[in-house]
Every structure is written in C-alpha cells, then in structure tokens.
Amino acid sequence: MKKLPDGIYIEGESLLHKLDSTVKLILFIILIAAVIAADSLLGYIALLLFTASICILSKIGIKAAFGNVLRLFWFFITIFIMNLLFFKAENAWISFWIFHPSLDGMQQGIKVVARVVVFLIFSNILNATTPPLEVTAAIENMILPLKIFKVPVSQIALILSVSIQFIPILFEEADMIKKAQTARGAQFESKRLLDKAKAAIPMVVPIFLAAFRRADELSLAMEARGYRVDSKFNKRKAVHIGANEIISFLICCAFLTIQIMVL
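I will try to describe carefully the structure that is included in this document. Starting afresh in each chain, residues are numbered from 1 along the sequence in its written order. Per-residue local features are limited, in this predicted model, to residues with pLDDT of at least 70; the limit for side-chain atom pairs, both in listing and counting, is 80 or more; totals at the level of whole chains, interfaces and linings are taken over all residues. Side-chain metrics in this entry use all non-hydrogen atoms of the structure; hydrogen atoms and water are not considered.

Regarding helix α3 (residues 41-58)
The condition that has to hold: Helix numbering and strand numbering both begin at the N terminus, where a helix is a DSSP run of H or I of at least 4 residues and a strand a DSSP run of E of at least 2. Any helix carries an expected span of 1.5 Å times its number of residues minus one. Type-normalised accessible area, obtained with a 1.4 Å probe on protein chains alone, sets the label of each residue: buried when under 20%, exposed when over 50%, and partly exposed for intermediate values. The arc in question is traced by the directions running from the helix axis to the C-beta atoms. Here, residues are in contact when the closest pair of their heavy atoms is within 4.5 Å.
The end-to-end C-alpha distance of α3, which contains 18 residues, comes to 26 Å, matching closely the 26 Å that a straight helix rising 1.5 Å per residue would cover. For α3, the set of buried residues is Gly43, Tyr44, Leu47, Phe50, Thr51, Ile54, Cys55 and Ser58. When α3 is viewed along its axis, its buried side chains cluster within an angular range of 140° and face the same direction. Residues Leu41, Leu42, Leu48, Leu49 and Ile56 are exposed on α3 and point more than 90 degrees away from its buried face. Where α3 is buried, its residues meet α1 (15-18), α2 (21-37), α4 (62-66), α6 (103-129) and α10 (243-261). Positive backbone phi, at 55°, marks lysine 59, one or two positions downstream of α3.

As for the nonpolar core
The test is simple: Only buried residues count toward a nonpolar core. Its members are Ala, Val, Leu, Ile, Met, Phe, Trp, Tyr and Cys residues joined through side-chain atoms within 4.5 Å.
If you look at the biggest cluster of nonpolar residues, it comprises 41 residues, and the most contacted ones within it are Leu31, Leu47, Ile54, Ile121, Phe122 and Ile125. When contributions to this core are tallied by element, the ones reaching two or more residues are α2, α3, α4, α5 (73-86), α6, α7 (132-142), α8 (153-183) and α10. Among all residues touching leucine 47, those that are not within four sequence positions of it are Val35, Ala38, Val118, Phe255 and Gln259.

Section: the state of the cysteines
Quick note on the threshold: The rule for a disulfide is simple: a pair of cysteine sulfur atoms within 2.5 Å.
Applying the stated criterion across every chain yields a total of 0 disulfides. You can see cysteine 252 has no disulfide; the closest cysteine sulfur is in cysteine 253, sitting 7.1 Å from it.

Regarding the pattern of salt bridges
As a reminder, the rule being used: Whenever Lys or Arg places a side-chain nitrogen within 4 Å of a carboxyl oxygen from Asp or Glu, that contact is recorded as a salt bridge.
Going through the model one piece at a time under the given rule, you end up with 3 salt bridges. Linking arginine 115 and aspartate 39 is a salt bridge whose minimum nitrogen-to-oxygen distance equals 3.9 Å. Placement of arginine 115 in helix α6 and of aspartate 39 in the loop between α2 and α3 is noted, with a sequence separation of 76 residues between them. Among the residues examined, aspartate 39 registers a relative accessible area of 48% and is labelled partly exposed. Of the charged contacts in the structure, one is a salt bridge between arginine 213 and glutamate 217, with a shortest N-O distance of 3.8 Å. Taken together, the residues arginine 213 and glutamate 217, both in helix α9 (residues 193-224) and 4 residues apart, mark about one turn of the helix. Look at the salt bridges and you will find they share partners, linking Asp39, Lys111 and Arg115 into a network.

Remarks on the packing of aromatic side chains
Put simply, the rule reads: For Phe, Tyr and Trp, rings pair up if their centres lie within 6.5 Å, where Trp contributes its six-membered ring, and each pair is then called stacked (planes under 30 degrees apart), edge-to-face (over 60) or tilted (otherwise).
Summed over all chains, the structure comprises 3 aromatic pairs. Aromatic side chains phenylalanine 28 and phenylalanine 119 sit 5.9 Å apart centroid to centroid with 45° between the ring planes, which places their arrangement in the tilted category. With a gap of 91 residues between them, phenylalanine 28 in helix α2 and phenylalanine 119 in helix α6 connect regions that are remote in the sequence. Judged by relative accessible area, which is 15%, phenylalanine 28 ranks as buried. With centroids separated by 4.2 Å and ring planes inclined at 10°, the aromatic side chains of phenylalanine 50 and phenylalanine 255 adopt a geometry described as stacked. Remark: phenylalanine 255 occurs in helix α10 and phenylalanine 50 occurs in helix α3; sequence separation between them is 205 residues. By relative accessible area, phenylalanine 255 is classed as buried at 9%.

Here we look at the packing of α3 against α6
For clarity, the threshold we go by: Convention adopted: a line fitted to C-alpha atoms gives each axis, helices being fitted over their contacting stretch, and angles between N-to-C directions are expressed from 0 to 180 degrees. The scheme is simple: roughly parallel for angles under 35 degrees, roughly antiparallel for over 145, roughly perpendicular for 65 to 115, oblique for anything else. Crossing chirality is assigned from the near helix's rotation relative to the far helix, an anticlockwise turn below a right angle marking it left-handed and a clockwise turn marking it right-handed. Basically, the charged four are Asp, Glu, Lys and Arg, the nonpolar ten are Ala, Val, Leu, Ile, Met, Phe, Trp, Tyr, Cys and Pro, and anything else, Gly included, counts as polar.
With their axes 11 Å apart at the nearest point, α3 and α6 run at an angle of 20° to one another. Here α6 runs roughly parallel to α3, going by the angle between their axes. As α3 packs across α6, the resulting crossing turns out to be left-handed. Listed contacts from α6 to Tyr44, Leu47, Thr51, Ile54, Cys55 and Ser58 of α3 are Lys111, Ala114, Arg115, Val118, Ile121, Phe122, Ile125 and Thr129. Looking at side-chain class alone, the contact of α3 with α6 contains 9 nonpolar, 3 polar and 2 charged residues.

Structure, rendered in structure tokens:
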C-alpha cells in the first residue's frame, strides 16, 4: 500500500482533533514563542517533555508527528556547521579568516537545530489534526482585523492554507522524480558532493512543472465545485470556545511564562 504523504490531515477523535481550529492556530503561535524562549538545558528538557505530551494527545503516531524531519537531515547539519564556524565567541578554539569554531558556537548550533525540529513537529501535528478547510477558516479569523483596511483576507487565507498543504505534496513529487532520475543513472547516493549537485539540478524544472500542474488542477477542481472566494455564501466559521479550548490556552500560556520567567 502506498504511504500517505507527510503533513496531511489524519482523521481522529483525539483532544487536539476536537479543539477549535482558530484556537489551535493561536496555541501554535504561543508554542512557537515558547520554543524561541527556551534558552537553557532545563528549558529544552521541559520543551521535549511538552512536545512528547502533545504527540501522545494527538494520537497520530510518531511517524506522522515527525513527518519530513528526517528528510531534512543535511539541512540540519548545514545549520549546525554554520553556527559552529561563524558564531563569534571570545573563547574560540581557533580563529581563521571568518571561521571561529567554539564551544559556544556548537551549543548555539544545537539550540537552533532543536528549535527548528520542534517547530516542524508542532507544524506537522497542526496539519495532521486540522482539516484543510478549517486551517483556511482559522487563518481568515486570525487576519480578519485587516479587513478594515480593505485587505482581501479570504483570498490571503486561502493562499496561505493551500501553500501549507502543498508542501507535503511537493515532497512526494520530488521523491517520485528522484526515483525516476535514479533509474536513469543519476547519482544521488554518491559520496561526492559534486555528483549530488549535478543530480539535483535536473530535478528543479520537473518540480516546478509539477507544482504548476497541481495548482492548475486544484483551481479547476474548485471552480467545478462552484467555489468562489468573493461569494456571499462563503460564510466565515465562528470560533467555538469551550472548556477544552480555555484549559489548553491556559496550559500553553503557563508553559510560555515558565520558559520566559523561570527556565
């Protein structure tokens, strides 16, 4: 059976699935602030435990929560090396030209990578527990005040939502193109960086073409189903705030406060 793309909605009955989409988006922003605020060992341990708790509550599984994190291994290695070499510190091991490797740089690299990984996990959980239409409605509710300035909030919300949903689809397209190029002799598994770069270049155009094709198919499908952004029948979804939403909001705010004030 074909594996589902990472980052898509997974139907379920967990607490996170039942939360209001707009509240979930607000909680996501609060947790991202908590990720940025983490700056100590205790802070990162608390962040790890909190992230694990959310993964368990979501009931979507470890694979769905991590999503494309493992695919970005070399990206994380690049971030770590850049922080290790270019982070200026007084106790650098050696200083040569623009390179200043140090213990502080190593720690900074670990912190940045950890923050990006947790951010991706939270993003995957949000997408996996929230249907695409509810994501669009949540974004629209968040930017609704901009309507005072004649900003087309419905169109912006739709664009952002579709862009988020396209990320796992494009990863799947890239994987299919990579397999096709490998069958034609491309050396993606070569240890030489130059060979990998040469193999990756021919993938750029097909990926862009696949993205445009997918976008065209989506627009035709939406038009065929009578969707119009400026239609009066496209009613904005009301925000539902119940006991679960209030408790979740208070817990996330408390966690952010602890990260800033205590840890």
